[in-house]
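# Residue-level structural notes
Read off the chains here:
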Amino acid sequence: GAVVSQHPSRVICKSGTSVKIECRSLDFQATTMFWYRQFPKQSLMLMATSNEGSKATYEQGVEKDKFLINHASLTLSTLTVTSAHPEDSSFYICSAPGTTSIQYFGAGTRLSVL
Amino acid sequence: AQSVTQLDSHVSVSEGTPVLLRCNYSSSYSPSLFWYVQHPNKGLQLLLKYTSAATLVKGINGFEAEFKKSETSFHLTKPSAHMSDAAEYFCVVTTPAAGNKLTFGGGTRVLVKP
């Protein structure tokens, strides 16, 4: 089946620094990818839709200047958490739609901001 | 608009006994429905999907789900639980009108007792 690779799996950073998370579709092209945030013991919340070659679409309440999304190619989307603070600590997951409406998920990135 | 309600936040079963995870959905259009499983600190793995074909859907690892339009339900079952089934399960809905955006249920945490 289709594979989505997400990197890094875990990152620890100091408050005020920026962190970049990559999401790659390994064996298929994805003009759209999705970024989710998951708090402990909670469900996934859609943050934004990443669109290849155009601006991302953010869900209500998500700060676009805080969470920068770039979808520069048909196989790569990046999420940059800018000036990270402890409240940004969370589990971030990306997904990409394959054929037949199935979404394939990355393994997630655990961000810890000290 | 679309929404998903997972009726049980936690389910505890003994190994070898049946598992039932309940899911009700709301959708203005013909939905596609999915069940995903998430093991701790991991991404999501697709168990099965319903996309307007057969109403009884068989998935991986012995799981199956039945789409009941009259009850707006898509409950997940497995005849005999295994220890490795302990995980978080998400019922998910999308429609063409939603542009591949997924709406997640709150999740059901399954505990399997030996």
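What comes next is a walk through the structure. (Residues numbered from 1 in each chain as written. Chains lettered and ligands numbered in written order. Predicted model: local features only at pLDDT ≥ 70, side-chain atom pairs only at ≥ 80, totals over all residues. Heavy atoms only, no water.)

## Some points on the nonpolar core
- Leu 21, Trp 35, Leu 47, Leu 48, Phe 74, Leu 76 and Tyr 89 of chain B are the most contacted members of the largest nonpolar core, which totals 26 residues.
- Looking at this core, the element that brings in the most residues is strand β10 (residues 87-94) of chain B, giving 4 residues.
- In this structure, Val 4, Val 11, Met 33 and Tyr 92 of chain A belong to the second largest nonpolar core, which totals 23 residues. (Core = buried A, V, L, I, M, F, W, Y, C linked by side-chain atoms within 4.5 Å. Buried < 20%, exposed > 50% of the residue type's maximum accessible area, 1.4 Å probe, protein only. Helix = DSSP H or I, 4+ residues; strand = E, 2+ residues; numbered from the N terminus.)

## Concerning the packing of aromatic side chains
- Counted under the stated rule, the structure contains 12 aromatic pairs over all chains.
- Ring centres of Phe 105 of chain A and Phe 104 of chain B lie 6.1 Å apart, and the angle between their planes is 80 degrees; on these two criteria the pair is classed as edge-to-face. Of this pair, Phe 105 of chain A sits in strand β10 (residues 103-105) while Phe 104 of chain B is found in strand β11 (residues 103-104), placing the two residues in two different chains.
- Ring centres of Tyr 25 of chain B and Phe 67 of chain B lie 5.7 Å apart, and the angle between their planes is 25 degrees; on these two criteria the pair is classed as stacked. Of this pair, Tyr 25 of chain B sits in strand β4 (residues 23-27) while Phe 67 of chain B is found in strand β8 (residues 64-68), placing the two residues 42 residues apart along the sequence. The exposure classification of Tyr 25 of chain B matches that of Phe 67 of chain B, with both residues buried.
- What links up through ring pairs into an aromatic cluster is the set Tyr 36 and Phe 105 of chain A together with Phe 34, Tyr 36, Phe 90 and Phe 104 of chain B. (Phe/Tyr/Trp six-rings, centres within 6.5 Å; stacked < 30°, edge-to-face > 60°.)

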